[in-house]
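Tertiary structure, described
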Amino acid sequence: MSGKPRLTYINGRGRMESIRWLLAAAGVEFEEIFLQTREQLLKLGQDGSLLFHQLPLVEIDGMKLVQCRAILSYIAGKYNLYGKDLKERALIDMYVEGISDLMQLILMFPFSPPEAKEKKIATIAEKATERYFPVFEKVLKQHGQDFLVGNRFSWADVQLMEAILAVEEKVPSVLSGFPQLQAFKTKMSNMPTIKKFLQPGSPRKPPPDENYVATVMKIFKLD
Amino acid sequence: MSGKPVLHYVSVRGRMEPVKWLLAAAGVEFEERFLETKEDLQKLRTDGSLLFQQVPMVEIDGMKLVQTRAILNYIAGKYNLYGKDLKERALIDMYVEGLADLFELIMYHEFKPANEKEKDLANIMDKATNRYLPVFEKVLKDHGHDFLVGNKLSKADVSLLENILWLEELKPDALAKFPLLQSFKARMSNIPNIKKFLQPGSAKKPLIQEKDIPNVIAIFH
């Protein structure tokens, strides 16, 4: 037992990617197990490893944690990325929850039929530029600090960074109206732990492709 | 200004109901402002009161909190319903997140068209009896305590009770195979703050009436 957290998922971004981001940003090394068959998933369910028979699963500090938010909250709390008090935590939670609504569109995108994809990208662009990014542009402008909450690096910064890069993959010019977010993205990219995560060979997974979609459908039986 | 939290939402259960449950369980009185028209929602938006242009929104301690989970986490933290340490919080979060998945199905059931309701209910009961309820039956069985985590009332217990009661409204024998959940329900219902919330005249909303559904949908679309 290495003592490192162990992540069990498929070999792709999906619902585990935010967890990889947060652990990486916190400078925490982790191990990964990639499921390749449905039988492996069912076996985990029978073992009692999966509380609700679902992934992601993260084994950390003697616990088998499921449910992304539970996992992310635990990591944020443990590695001091959750603000200094209840009110800062509330701000971080609000920001993270908003961003996760945007990320949900990105998460579901690979599974939309080809003829719907263009419209979906337009929706992502619209929500990003009209509902979500303006909020964070304003937050950063108003306090003039490097980080979203409490002048200190937190889970909210990591989640926003992940979202910016994910949306840019679909809509390359999405930050063109957001100078604060452009500067934020540059600053985040230069933070040592994030810089390392953004380099080739890191645990960061590539954008989902057809192979990823097929694996998800097969293992999670979503058809 | 009364100092009480102010809840902004439409007058259905929806995404605000868990917030009301938690405040009630914590013994916290609150006020409600109901959106009745699209204009009411628009006004909150143009006021700048809604961070992401959405409700629920709760005014509490000088903040205008949005996003249900952020609101619930703040209330739970403030009123000591969130466990004693990070690990208990992780357990509570896991349980609450699982129940939130179930709640999402239950909440939308009210708005399903009549011809889809039966199939939808069958799906909800299938998930409830095969995926979610057995987990909590086992948790209670394994430790033999009154509450799910740390032998103390937490937001996980409140969420479980809320979901159990709503399931029973949809199908009265929902707990037939879960004796420990039945006794959990009885115990929880007798906790004074919760007992008060379960009485007529409290802020707890009834199931939506079909005639009111179009009005609610119109506010958001």
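Residues numbered from 1 in each chain as written. Chains lettered and ligands numbered in written order. Predicted model: local features only at pLDDT ≥ 70, side-chain atom pairs only at ≥ 80, totals over all residues. Heavy atoms only, no water.

Turning to the layout of surface pockets, a few remarks are in order. Estimates place the volume of the second largest pocket at around 490 Å³. The set of elements that each furnish at least two residues to the lining of the second largest pocket consists of α4 (86-108) and α5 (114-143) of chain A together with β4 (63-66) of chain B. A class-by-class count of the residues in the lining of the second largest pocket yields nine nonpolar, four polar and five charged. (1 Å grid on protein atoms, 1.4 Å probe; cavity = no way out; pocket = protein on both sides within 12 Å on 5 of 7 lines; lining within 4 Å. Points joined across faces, edges and corners; volume = space filled by probe spheres on them. Helix = DSSP H or I, 4+ residues; strand = E, 2+ residues; numbered from the N terminus. Nonpolar A, V, L, I, M, F, W, Y, C, P; charged D, E, K, R; others polar.)

This part covers the UniProt feature "domain: GST N-terminal" (unreviewed entry) in chain B. Feature annotation in UniProt assigns "domain: GST N-terminal" (unreviewed entry) to the following positions: residues 3-83 of chain B. Note that residues 3-83 of chain B is 36% helix and 22% strand, and that its end C-alpha atoms are spaced 26 Å apart. (UniProt positions renumbered as here; feature names shortened; annotations may be inferred.)

Here the UniProt-annotated "domain: GST C-terminal" (unreviewed entry) positions come out as residues 85-209 of chain A. The distance from the first to the last C-alpha atom of residues 85-209 of chain A is 41 Å, and the span holds 70% helix and 0% strand.

Taking the UniProt record as the reference, the feature "domain: GST N-terminal" (unreviewed entry) is found at residues 3-83 of chain A. A distance of 26 Å separates the end C-alpha atoms of residues 3-83 of chain A, which is 37% helix and 20% strand.

The interface of chain A with chain B comprises 31 residues on the first partner and 32 residues on the second. Carbon and sulfur atoms supply 65% of the area that chain A and chain B bury against each other, a total of about 2,800 Å² over both sides. Sorting the residues of chain A by area buried against chain B places Phe52(A), Met94(A) and Arg131(A) first, and these three jointly supply 22% of that buried surface. Between chain A and chain B we count two salt bridges in total. Counting the contacts that link chain A with chain B gives seven residue pairs in polar contact (both at pLDDT 80 or more). Of all the secondary-structure elements, those providing two or more residues to the side of chain A that touches chain B are β4 (63-66), α3 (68-78), α4 and α5 of chain A. It is α4(A) that provides the largest number of residues to the side of chain A that touches chain B, a total of ten residues. Its residues assigned to classes, the side of chain A that touches chain B shows 15 nonpolar, six polar and ten charged. (Contact = heavy atoms within 4.5 Å. Buried area = accessible area lost by both parts, 1.4 Å probe. Salt bridge = Lys/Arg side-chain N within 4 Å of Asp/Glu carboxyl O. Polar contact = N/O pair within 3.5 Å; in protein donor to acceptor, adjacent residues only side chain to side chain.)

In the structure shown here, the tally under the stated rule is 34 salt bridges over all chains. In the salt-bridge network here, residues are joined through shared partners; they are Arg13(A), Glu17(A), Arg20(A), Glu32(A), Glu169(A), Arg204(A) and Lys205(A).

Residues and elements named next belong to chain A. Reading across from one edge, β2-β1-β3-β4 is the order of the four strands in this open sheet, with mixed pairing throughout. With one partner strand each, in any of the chains shown, β2 (31-34) and β4 form the two edges of the open sheet. Pairwise comparison of adjacent strand axes, ignoring direction, gives a mean angle of 20 degrees for this sheet. Lying over the sheet, helix α1 (residues 17-25) contacts β1 (6-9), β2 and β3 (57-60), oriented at roughly 165 degrees with respect to β1. (Pairing = 2+ DSSP bridges. Axes fitted to C-alpha atoms, helices over the stretch in contact; angles between N-to-C directions.)

So, about empty space enclosed by the protein. A full pass over the atoms with the stated rule returns three cavities of 30 Å³ or more. Its volume calculated, the largest cavity comes out at about 90 Å³. Every residue lining the largest cavity is counted, 13 residues in all, and those nearest its centre are Arg69(A), Ser73(A), Arg69(B), Asn73(B) and Glu97(B). Of all the secondary structure elements, the ones that give two or more residues to the lining of the largest cavity are α3 and α4 of chain A together with α3 (68-78) and α4 (86-109) of chain B. Ranked by the residues each element gives to the lining of the largest cavity, the list is headed by α4(A), at three residues. Residues of the lining of the largest cavity, tallied by class, amount to four nonpolar, two polar and seven charged.

Pro56(A) follows Leu55(A) through a cis peptide bond whose omega is 5 degrees. Relative to the helices and strands, Pro56(A) is located in the loop between α2 (38-47) and β3. Cis peptide bonds are those with omega within 30 degrees of zero, and the linkage from Val55(B) to Pro56(B) qualifies with 10 degrees. Tracing the chain through its elements places Pro56(B) in the loop between α2 (38-46) and β3 (57-60). Phi at Asn151(A) takes a positive value of approximately 55 degrees, unusual for a residue other than glycine. In this structure, Asn151(A) sits in the loop between α5 and α6 (155-170).

As recorded in UniProt, the feature "domain: GST C-terminal" (unreviewed entry) lies at residues 85-207 of chain B. Counting secondary structure, residues 85-207 of chain B comes out at 71% helix and 0% strand; the distance between its end C-alpha atoms is 36 Å.

Another aspect to go through is the side chain of Glu162(A). All names here are of chain A. Structurally, Glu162 can be placed in helix α6. In this structure Glu162 is buried but unpaired, with Arg13 as the nearest side chain of opposite charge at 6.7 Å. Apart from the residues lying within four places of it in its own chain, the contact partners of Glu162 are Glu17, Ser18, Trp21 and Met103. (Buried < 20%, exposed > 50% of the residue type's maximum accessible area, 1.4 Å probe, protein only. Lys, Arg positive; Asp, Glu negative; His and termini not counted.)

Another point: α5(A). Helix length check: α5(A), at 30 residues, gives a terminal C-alpha distance of 42 Å against a target of 44 Å (1.5 Å per residue), a fit within 8%. Within α5(A), the axis deviates most sharply at Phe133(A), by approximately 45 degrees, and proline Pro134(A) lies no more than four positions further along. Along α5(A), the positions that sit buried rather than exposed are Ile124(A), Ala125(A), Ala128(A), Arg131(A), Tyr132(A), Phe133(A), Val135(A), Phe136(A), Glu137(A), Val139(A) and Leu140(A). Considering only its buried residues, α5(A) is in contact with α4, α6 and α7 (179-190) of chain A together with α2 of chain B. The positive-phi residue at the C-terminal boundary of α5(A) is Gly144(A), with phi of around 65 degrees. (Expected span 1.5 Å × (residues − 1). Bend = angle between axes of the 7 residues up to and from the residue.)

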